[in-house]
Amino acid sequence: MAKVPVEDGCARTAATTGPALPPDRAGRDLELLGAVADAVLYEGYLLYPYRRSSPKNRVRWQFGVLFPRDWVERDGPVVPGISGSADSWYQQTECLLRVERPGAVVRVRVRYLQWQHKQAEEVVRGERCRPVASIRADDGTTHLTFDEAVPCGHDIVVPLDDLLGRENVFPVGAADGEDVESLPGGAGRVVRRRAAVQASTGVRAERVADGVCRLRIRTENTGPAPVAGAPRGEALRTALIAAHTLVGGDGVRFVSLIDPPEELRLHARECRNAFTFPVLGGEPPTAGRPSPDVAGTGAGDGSTAGAVLSAPIILSDHPQVAPESPGDLHDAAEIDEILTLRTLLLTDEEKREARATDPRAARILDRVETMPPEILTRLHGAIRSLDPAPSAPVTRPVTPAGPAGALAGRPVWWQEGADDGLSPTTDTVLVDGTPVRGGSRVRLRPRGRGADAQDMFLVGRTAEVAAVLHDVDGSVHLAVTLDDDPAAELNSWYGRYHHFRPDEVEPLGPLADGPGKGRPDGCP
């Protein structure tokens, strides 16, 4: 295992086994996932307003944290699930791959953050140093004591034949270390200390059909537990933080577990993923540029790809970072424009604290303060597709939403009167000949192709319709609440629903009398 330096005094580890891939192919598919993988790695690392004193930056690292087993199971075994926000000591990925040719090679990249404590120390009587919460150097720069993290990565390359029927285990830990940075003028120093992380990754494959294998990748924290009763913050010192896995290879293509080909649907359901979930990487297929189908399997429709990202945050197949985004803000679920504008509005004192908190926060401030106007304008929004506007008034056909079919032939959304007569809580839509509206009960049957990544976990669940919503493109969606959701009443009050097309639900009975339970004001 070799150790190589990276920026900001961080260390990155790398371990490789097996034959190297050809230079033109080695890691290419994995590198295409780099921006998304980095967003996963640093999601929630440091949140706006990027200051140490902010309450949200005192409880950190909530995704993909693998603790020593004895610590995390001190009150009982962990309960397996795909949620990466649950603490665990292991992470397991299972996915399907098609074998395109003999001699296929599998490439696995395990990535995580290693805890690192940054301690400011001031010089006492010109001899020794003592720890302090903050220190100001002679150049005017302030340094704050704070917990940082170091990116770590391990590459494993192994022939597929070596994985069939037996598990290959590889060390993926990180060594302890200490870096000392002397401050200008001899005022003191900044010391960064890391505790060793002990971990291993096991890789195994089995054939499930002709030319198809199931690949299992299991990463475990194998280190000893901290002292009995240690708080979470102390246990983080030897944990794998934001752990995730990228999988690629040569001579293989990976199958979507969200939208698998029909002949592999059963095998996809049998994959067991724990505290992580794999999705296809690369760009999604388009009408003019379908996905490659090297093996001639007919799966060039987006159900296969050359790489997989298995992350503790559930994503859709082919996740992308918006091209308008100029850099990571450590909050990928937020809107870049809002965070950028709010960061610009921080006071000078708040900005000084943020810069002193962490080098990554300082880079965010540098980026937003020097952002050209044309880049900021791009953050306002983008139109991915646009149809020519018609020269004559247009009406759109709509499935009759009531006995009289009053909504048929409505004006399109930009024309006057397009919203007249719409009532989400009382409008009805026909589903398999049955009228459905607010108050109707349905069983969820999300479509296979193109469904939201999380919809697949709701298959077969029953729900109550809260509203019938008409989109500007003429489509109709049903807003529903799950029957077994303990927060259903609260979500309904706030107007937080799951949304499905009419062809994704199965009516469970005749039309209910009266509107659904929506918000107290009668709005959906």
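Reading the values: the criteria
- Residues numbered from 1 in each chain as written.
- Predicted model: local features only at pLDDT ≥ 70, side-chain atom pairs only at ≥ 80, totals over all residues.
- Heavy atoms only, no water.
- Pairing = 2+ DSSP bridges.
- Helix = DSSP H or I, 4+ residues; strand = E, 2+ residues; numbered from the N terminus.
- Axes fitted to C-alpha atoms, helices over the stretch in contact; angles between N-to-C directions.
- Phe/Tyr/Trp six-rings, centres within 6.5 Å; stacked < 30°, edge-to-face > 60°.
- Buried < 20%, exposed > 50% of the residue type's maximum accessible area, 1.4 Å probe, protein only.
- Lys NZ or Arg CZ within 6 Å of the ring centre and 35° of its normal.
- Salt bridge = Lys/Arg side-chain N within 4 Å of Asp/Glu carboxyl O.
- Contact = heavy atoms within 4.5 Å.
- Arc of directions from axis to C-beta.
- Core = buried A, V, L, I, M, F, W, Y, C linked by side-chain atoms within 4.5 Å.
- Parallel < 35°, antiparallel > 145°, perpendicular 65-115°, else oblique.
- Nonpolar A, V, L, I, M, F, W, Y, C, P; charged D, E, K, R; others polar.
- Patch = residues over 30% accessible without salt bridge, like charges linked within 9 Å, V, L, I, M, F, W, Y side chains within 5 Å.
- Areas by Shrake-Rupley, 256 points an atom, 1.4 Å probe, with all protein chains shown as cover.
- Polar contact = N/O pair within 3.5 Å; in protein donor to acceptor, adjacent residues only side chain to side chain.

**Describing the sheet that holds strand 27 (residues 505-507)**
So, step 1. Across the sheet, which stays open at both edges, the five strands sit in the order 26-25-24-23-27 with antiparallel pairing between neighbours. Looking at which strands have only one partner, the edges of the open sheet turn out to be strand 26 (498-500) and strand 27. Ignoring strand direction, the axes of neighbouring strands in this sheet form an average angle of 45°.
So, step 2. Where strand 24 (residues 462-470) meets strand 25 (residues 476-482), seven bridges bridge the pair, whose relative direction is antiparallel.

**Some words on the packing of aromatic side chains**
So, step 1. Using the criterion set out here, one finds seven aromatic pairs in the structure.
So, step 2. Each ring, one from Phe67 and one from Trp71, has its centre 4.6 Å from the other, and the planes form 40°; the classification is tilted.
So, step 3. Accessibility expressed as a relative area gives 0% for Phe67, which makes it buried.
So, step 4. Relative to Tyr494, the ring of Trp493 has its centre 5.2 Å away and its plane inclined at 85°; by these criteria the two rings are edge-to-face.
So, step 5. Judged by its relative accessible area of 47%, Trp493 falls in the partly exposed class.
So, step 6. For Tyr494, a relative accessible area of 44% translates into the label partly exposed.
So, step 7. Sitting over the face of the ring of Tyr45, Arg60 holds its NZ or CZ atom 5.1 Å from the ring centroid.
So, step 8. Its guanidinium or amino end placed over the ring of Tyr90, Arg218 lies 4.0 Å from that ring's centre, counting from NZ or CZ.

**Points about the environment of Gly173**
So, step 1. Along the polypeptide, Gly173 turns up in the loop between strand 9 (168-171) and strand 10 (177-182).
So, step 2. For the pair Gly173 and Ala239, spaced 66 residues apart in sequence, the C-alpha to C-alpha distance is 9.9 Å.

**Digging into the pattern of salt bridges**
It is possible for side chains bearing opposite charge to pair when their charged atoms get close.
So, step 1. Per the counting criterion, the structure on display carries 31 salt bridges.
So, step 2. Ionic pairing is found between Arg232 and Asp87, a salt bridge with its closest N-O pair at 3.2 Å. Linking Arg232 in helix 4 (residues 232-235) with Asp87 in the loop between helix 3 (69-72) and strand 3 (90-99), this pair joins segments that are 145 residues apart in sequence.
So, step 3. Overall, the relative accessible area of 23% leaves Arg232 in the partly exposed class.

**Re the pairing of strand 23 (residues 441-444)**
So, step 1. Residues Val442 and Leu444 of strand 23 are buried on one face, while the alternating residues Arg441 and Arg443, pointing to the opposite face, are not.
So, step 2. Here strand 23 pairs with strand 24 via three bridges, running antiparallel. Bridge pairing in strand 24 places Val442 opposite Ala463.
So, step 3. Looking at chain direction, strand 23 and strand 27 are connected through three bridges and run antiparallel. Residue pairing across strands places Leu444 opposite Val505, the latter belonging to strand 27.

**Some points on helix 2 (residues 34-41)**
So, step 1. Along helix 2, the residues that are buried comprise Val36, Ala37, Ala39, Val40 and Leu41.
So, step 2. On the buried face of helix 2, the contacting elements are strand 4 (105-124), strand 8 (146-159), strand 14 (240-250) and strand 18 (308-311).

**Section: helix 6 (residues 336-344)**
So, step 1. Looking only at helix 6, the buried set comprises Asp336, Glu337, Leu339, Thr340 and Thr343. All buried residues of helix 6 lie within an arc of 165° about the axis, which places them on one face of the element.
So, step 2. Where helix 6 is buried, its residues touch helix 7 (348-357), helix 8 (359-369) and helix 9 (373-378).

**As for the nonpolar core**
So, step 1. Counting residues in each nonpolar core, the largest one holds 34 residues, and the members touching the most others are Tyr45, Tyr50, Trp61, Phe67, Leu113, Leu236 and Ile241.
So, step 2. Counting residues per element, this core draws most heavily on helix 8, which supplies four residues.
So, step 3. Ignoring sequence-local partners within four residues, the contact set of Ile241 consists of Trp61, Phe63, Gly64, Val65, Tyr112, Leu113, Trp115 and Leu236.
So, step 4. Val108, Val110, Cys152 and Ile217 belong to the second-largest nonpolar core, a separate cluster that totals 33 residues.

**Describing the packing of helix 6 against helix 8**
So, step 1. It is the contact of helix 6 with helix 8, at a shortest axis distance of 10 Å, that shows an interaxial angle of 95°. By the angle class used here, helix 6 and helix 8 are roughly perpendicular. Between helix 6 and helix 8, the residues in contact are Thr340, Thr343 and Leu344 and Leu365, Val368 and Glu369, respectively.
So, step 2. The class makeup of the residues in the contact of helix 6 with helix 8 is three nonpolar, two polar and one charged.

**Notes on a nonpolar patch on the surface**
So, step 1. On the surface, Leu490, Trp493 and Tyr494 cluster together into a nonpolar patch covering about 350 Å² of accessible area.
So, step 2. As for its placement among the helices and strands, Leu490 is situated in helix 10 (residues 488-494).

**Some remarks on the sheet that holds strand 15 (residues 252-255)**
So, step 1. With antiparallel pairing, the six strands of this open sheet are ordered in space as 9-12-13-3-15-17. Here the strands that pair on one side only, and so sit at the sheet edges, are strand 9 and strand 17 (304-305).
So, step 2. Here four bridges tie strand 9 to strand 12 (residues 199-209), and the two strands are oriented antiparallel to one another. Each bridged residue has a counterpart across the sheet, and for Phe170 the counterpart in strand 12 is Thr201.

**Quick look at the environment of Ala209**
So, step 1. One can find Ala209 in strand 12.
So, step 2. Under the relative-accessibility criterion, Ala209 is labelled partly exposed at 30%.
So, step 3. Along the sequence, Ala209 and Glu263 sit 54 residues apart, while their C-alpha atoms lie 9.8 Å from each other.

**What about the side chain of Lys351?**
So, step 1. Its location among the elements puts Lys351 in helix 7.
So, step 2. Engagement of the side chain of Lys351 in a polar contact is seen with the backbone oxygen of Leu344, the distance being 3.4 Å.
So, step 3. Apart from residues no more than four positions distant in its own chain, Lys351 is found in contact with Thr343, Leu344, Leu346, Leu365 and Glu369.

**Notes on the environment of Trp115**
So, step 1. If you trace the backbone, Trp115 turns up in strand 4.
So, step 2. What makes Trp115 buried here is its relative accessible area of 8%.
So, step 3. Each C-alpha atom, one on Trp115 and one on Ile241, is 7.6 Å from the other, the two residues being 126 residues apart in sequence.
So, step 4. Residue contacts for Trp115: discarding those within four places in its chain leaves Trp61, Asp147, Glu148, Arg193, Arg194, Ala195, Leu236, Arg237 and Ile241.
So, step 5. Here the side chain of Trp115 touches Asp147 through a polar contact of 3.4 Å, side chain to side chain.

**Regarding the side chain of Arg111**
So, step 1. Among the secondary structure elements, Arg111 is positioned in strand 4.
So, step 2. Of the residues examined, Arg111 reaches a relative accessible area of 8% and is grouped as buried.
So, step 3. A distance of 2.6 Å separates polar atoms of two side chains, one belonging to Arg111 and the other to Asp38.

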